[in-house]
Amino acid sequence: MSTQTDTSSFHVHDIMEMLAENNHTLDLQQMINLIVEKFGSMARFSSCSMKDMNVHQTVDFLVSRQKLIEVSPGKFSFNSQARCKH
């Protein structure tokens, strides 16, 4: 699968939906790699409260908001209980 090389903008909901569909449990680097594979290395992400985040900032954001939770040492999964209601 090839990645995009242009700068595209996505909402973090797109990442959350991808993770919810596939029920991934990954370390943070694997999570970053999965996001880059799907959305491209130059992708930028926005949330309802943050704008113009790169993939690393987005993963940090998702962890800080408990959208990604540590389910075993160093392994994270999408927290279906933290799904946005809008």
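Computed from a predicted model, the values in this text were never measured in an experiment.

Engineer: Would you mind showing me how to read the packing of helix 1 (residues 12-22) against helix 2 (residues 28-39) here?
Structural biologist: How two helices sit against one another is set out by the angle between their axes and by the gap between those axes. For the pair helix 1 and helix 2, the least separation of the axes is 11 Å and the interaxial angle reads 110°. With respect to helix 2, the element helix 1 is oriented roughly perpendicular. Counted together, Asp 14, Ile 15, Met 18 and Leu 19 of helix 1 and Met 31, Leu 34, Ile 35, Lys 38 and Phe 39 of helix 2 form the full contact between these two elements. Of the residues belonging to the contact of helix 1 with helix 2, the class tally is seven nonpolar, no polar and two charged.

Engineer: Hey, could you run me through the sheet that holds strand 2 (residues 25-26) in this one?
Structural biologist: Neighbouring strands of a sheet are bound in pairs by backbone hydrogen bonds; such pairs are parallel or else antiparallel. Taken in spatial order, the three strands make up an open sheet running 2-5-4, and their pairing is antiparallel. The open sheet has two edge strands with one neighbour each: strand 2 and strand 4 (68-72). Relative to strand 5 (residues 75-78), strand 2 runs antiparallel, the two sharing two bridges. Along strand 5, the bridge assignment pairs Thr 25 with Ser 77.

Engineer: Mind showing me how you'd approach the pairing of strand 5 here?
Structural biologist: Successive side chains on a regular strand alternate, one facing one side of the sheet and the next facing the other. Of the pairings in the sheet, the one linking strand 4 to strand 5 comprises four bridges and is antiparallel in character. Pairing of Ser 72 across the sheet is with Lys 75, part of strand 5. Count of turn residues in the strand 4/strand 5 antiparallel hairpin: two residues, of which Gly 74 carries a positive phi of about 80°.

Engineer: What should I look at first to understand helix 1 in this one?
Structural biologist: Residues lying three or four places apart along an α-helix face the same way, a consequence of the helix completing one turn every 3.6 residues. Where helix 1 is concerned, the buried positions are Val 12, Ile 15, Met 16, Met 18 and Leu 19. Down the axis of helix 1, the sector holding all buried residues measures 160°, keeping them to one side. Next to the buried residues of helix 1 lie strand 1 (9-11), helix 2, strand 3 (44-46), helix 3 (55-64), strand 4 and strand 5. Asn 23 lies just past helix 1 and shows a positive phi near 50°.

Engineer: Help me understand the pattern of salt bridges, please; the structure alone is not making it clear to me.
Structural biologist: Pairing is possible between side chains that carry opposite charge, provided their charged atoms lie close to one another. For the structure on display, the rule yields one salt bridge. In this structure, Asp 52 and Arg 44 form a salt bridge, with 2.9 Å as the shortest nitrogen-oxygen distance. Assessed through its relative accessible area of 48%, Asp 52 is described here as partly exposed.

Conventions adopted
Counting restarts for each chain, with residues numbered from 1 along the sequence as it is written. At least 70 in pLDDT is required for a residue's local features to be given in this predicted model, at least 80 for side-chain atom pairs to be given and counted, and no such filter applies to totals for whole chains, interfaces and linings, which use all residues. As a rule here, side-chain values come from all non-hydrogen atoms in the structure, and water together with hydrogens is ignored. Axis definition: a line fitted to C-alpha atoms, over the contacting stretch in the case of helices. Angles run 0 to 180 degrees between N-to-C directions. Numbering goes from the N terminus for both helices and strands, where a helix is a DSSP run of H or I of at least four residues and a strand is a run of E of at least two. Roughly parallel here means an angle under 35 degrees, roughly antiparallel means over 145, roughly perpendicular means 65 to 115, and every remaining angle is called oblique. Two residues form a contact once any of their heavy atoms are found within 4.5 Å. In this classification, the charged set is Asp, Glu, Lys and Arg, the nonpolar set is Ala, Val, Leu, Ile, Met, Phe, Trp, Tyr, Cys and Pro, and all remaining amino acids, among them Gly, are polar. At least two bridges found by DSSP between two strands are what make those strands a pair. Only protein chains enter the area calculation, which uses a 1.4 Å probe; residues under 20% of their type maximum are buried, those over 50% are exposed, and those in between are partly exposed. Summarising the geometry, the arc corresponds to the directions from the helix axis toward the C-beta atoms. Note on definitions: salt bridges are taken to be side-chain nitrogens of Lys or Arg within 4 Å of carboxyl oxygens of Asp or Glu.

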